[in-house]
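Observations on the model geometry
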Amino acid sequence: MTRESVIGRFPWLQQPGLPMVVSADLEGLLAAALLHHHLNWQLAGFDDGADIWLAADPEPALTVRVNLGPAGTGPAINRLAGGPPLACNPQSLLSPAEREALGPFPFSVPLFLLWLYDLPVRRDLTARLIIIHAADAWLQARDEPDRILAWQEQLPGYDWQWLFQRTGTALLERRMAEQLLRPLRRMMNCPADQPVGTGRFNPDWDGGMILDYLGFVGTWLKWSPPPLPQLQRLPANATG
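Attention here is on the structure that accompanies the text. What you are looking at is a predicted structure, and each value in this text was computed from that prediction instead of being measured.

**Points about helix α10 (residues 170–188)**
- The terminal C-alpha atoms of α10 lie 25 Å apart, and with 19 residues this matches the ideal 27 Å at 1.5 Å per residue to within 8%.
- Of all the bends in α10, the greatest, near 40 degrees, is centred on leucine 181, and the proline proline 183 appears no more than four residues after it.
- For α10, the set of buried residues is Leu172, Met176, Leu180, Leu181, Pro183, Leu184 and Met187.
- Here the buried face of α10 lies against α2 (26–39), α6 (125–133), α7 (137–143) and α11 (207–221).
- One or two residues past the end of α10 sits asparagine 189, with phi positive at roughly 50 degrees.

**Concerning the pattern of salt bridges**
- A complete count under the given rule lists six salt bridges for this structure.
- Of the charged contacts in the structure, one is a salt bridge between aspartate 159 and arginine 123, with a shortest N-O distance of 2.6 Å. A residue pair is termed long-range when its members are at least 10 positions apart, and aspartate 159 in the loop between α8 (145–154) and α9 (160–163) and arginine 123 in the loop between α5 (109–117) and α6 qualify at 36 residues.
- By relative accessible area, aspartate 159 is classed as partly exposed at 34%.

**Examining the packing of α2 against α5**
- One can describe the packing of α2 onto α5 by two numbers: an axis separation of 8 Å at closest approach and a directional angle of 25 degrees. For the element pair α2 / α5, the angle class is roughly parallel. Seen from α2, the contacting residues are Glu27, Leu30, Ala31, Leu34, Leu35, His38 and Leu39; seen from α5, they are Val109, Pro110, Leu113, Leu114 and Tyr117.
- In terms of residue class, the contact of α2 with α5 is built from 10 nonpolar, one polar and one charged.

**Side note on α2**
- Helix length check: α2, at 14 residues, gives a terminal C-alpha distance of 20 Å against a target of 20 Å (1.5 Å per residue), a fit within 8%.
- Buried residues dominate α2, accounting for 12 of its 14 residues.
- Inspection of α2 places Leu26, Glu27, Gly28, Leu29, Leu30, Ala31, Ala32, Ala33, Leu34, Leu35, His36 and Leu39 among the buried residues, and these make up the whole buried set.
- Downstream of α2 by one or two residues, asparagine 40 has phi in the positive range, about 60 degrees.

**Considerations on the nonpolar core**
- Leu13, Trp41, Val66 and Leu163 are the most contacted members of the largest nonpolar core, which has 74 residues in total.
- Broken down by element, this core gets its largest block of residues, nine residues, from α2.
- Leave out the neighbours within four places in its chain, and leucine 13 touches Val6, Ile7, Leu39, Trp41, Ile77, Cys88, Leu116 and Tyr117.

**Quick look at the packing of aromatic side chains**
- Summed over all chains, the structure comprises 10 aromatic pairs.
- Note on phenylalanine 105 and phenylalanine 112: the rings are 6.3 Å apart at their centroids and 90 degrees apart in plane angle, and the pair reads as edge-to-face. Side by side, phenylalanine 105 and phenylalanine 112 carry an identical accessibility label, which is buried.
- Between phenylalanine 107 and tryptophan 160 the ring centres are 5.3 Å apart and the planes differ by 15 degrees, which places this aromatic pair in the stacked class. Taken together, the residues span a long stretch of sequence, with phenylalanine 107 in the loop between α4 (96–102) and α5 and tryptophan 160 in helix α9 at a distance of 53 residues.
- Residue classification places phenylalanine 107 among the buried positions, given a relative accessible area of 2%.
- On the accessibility criterion, tryptophan 160 (5% relative accessible area) is buried.
- Three or more aromatic residues joined by ring pairs form one cluster here, namely Phe105, Phe107, Phe112, Trp115, Trp151, Tyr158, Trp160 and Phe164.
- Directly above the ring of tryptophan 162 sits arginine 123, whose terminal nitrogen or CZ lies 4.3 Å from the centroid.
- Here the guanidinium or amino end of arginine 128 rests over the ring plane of tryptophan 162, the centre of that ring lying 5.8 Å away.

About the criteria used
- Residue indices follow the written sequence of each chain, beginning from 1 at its first position.
- The model is predicted, so local features are restricted to residues of pLDDT at least 70 and side-chain atom pairs to those at 80 or more, both for listing and for counting; the totals for chains, interfaces and linings are taken over all residues.
- Remark: hydrogens and water are excluded; side-chain values derive from all non-hydrogen atoms of the structure.
- Under the scheme used here, helices are H or I runs from DSSP no shorter than 4 residues and strands are E runs no shorter than 2 residues, and both carry numbers assigned from the N terminus.
- The span you would expect from a helix comes to 1.5 Å times its residue count less one.
- By definition, a residue's bend is the angle between the axes fitted to the seven residues ending there and the seven starting there.
- Burial classes: relative accessible area under 20% of the type maximum marks a residue as buried, over 50% as exposed, and values in between as partly exposed (1.4 Å probe, protein chains only).
- Every residue pair with non-hydrogen atoms within 4.5 Å of one another is taken to be in contact.
- The term salt bridge refers to a pairing of a side-chain nitrogen on Lys or Arg with a carboxyl oxygen on Asp or Glu at a separation within 4 Å.
- Fitted lines through C-alpha atoms give the axes, limited to the stretch in contact for helices. The angle between two N-to-C directions lies from 0 to 180 degrees.
- Roughly parallel means an angle under 35 degrees; roughly antiparallel means over 145; roughly perpendicular covers 65 to 115; every other angle is labelled oblique.
- Only Asp, Glu, Lys and Arg are considered charged, only Ala, Val, Leu, Ile, Met, Phe, Trp, Tyr, Cys and Pro nonpolar, and every remaining residue, Gly among them, polar.
- Nonpolar cores are built from buried Ala, Val, Leu, Ile, Met, Phe, Trp, Tyr and Cys residues. Side-chain atoms within 4.5 Å join them into one set.
- Think of it this way: a Phe, Tyr or Trp ring, Trp meaning its six-membered ring, pairs with another when their centres are within 6.5 Å, and the plane angle makes it stacked under 30 degrees, edge-to-face over 60, tilted otherwise.
- For a lysine, the NZ atom is tested; for an arginine, the CZ atom; a charge sits over a ring if that atom is within 6 Å of the ring centre and within 35 degrees of the ring normal.

In structure tokens, the structure reads:
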């Protein structure tokens with residue numbers, strides 16, 4: 001897999017200013033921050049798994065949906081308007097034999113986008129922790145290091161070694177707990193015995209938490225966060 005082959009197949013992934021609907025979780029917010037900072041994509045709504053929360057009329061707002069791939073295909077970026085639906089997800093870019101050999105994609109949409117656009121991550125521990133926390137990539141690196149390394153080889157030309165250094169060590173897990181999970185628990189009012197960032201939030205009453213997380217990401221990664229639009233709730237089937 002090469003960056004050129006992915007962009008050649010999905011040229012709209014370089015188009016600036018597109019409206020996007022993201023999954024209503026921390027991974028979706030992180031992807032929204034990255035795409036807004038890099039391509040000025042605009043946050044147009046959320047999908048919480050049951051309903052769609054949109055800023056405007058569904059047709060233009062659903063141009064791109066991020067981190068909402070078909071079941072079993074891994075994370076995806078879906079182009080829904082301006083032509084036939086197109087889904088870009090890392091697993092679909094490989095042959096069936098390669099997918100079977102590699103196993104499920106172990107990274108998040110933001111990690112895939114960092115590779116695709118060859119974007120550096122600020123050389124700061126908290127910035128690195130934010131990135132590898134998404135989709136529990138740090139835990140997968142601890143539990144299945146061979147699968148992580150195999151997928152990294154499919155996404156060449158990126159500094160994976162720095163991002164994933166010391167995963168699986170007591171030092172990294174202590175720093176994750178103290179420097180990232182602790183502030184995230186306060187931000188999300190999350191009990192100590194509940195995993196952080198694995199569930200969906202409610203776009204209707206969690207606006208403060210959404211803004212706090214986007215501000216947190218902006219502070220440590222130096223990404224300009226997207227503004228949060230006024231949202232209206234629609235049943236998922238109302239958008240087709």
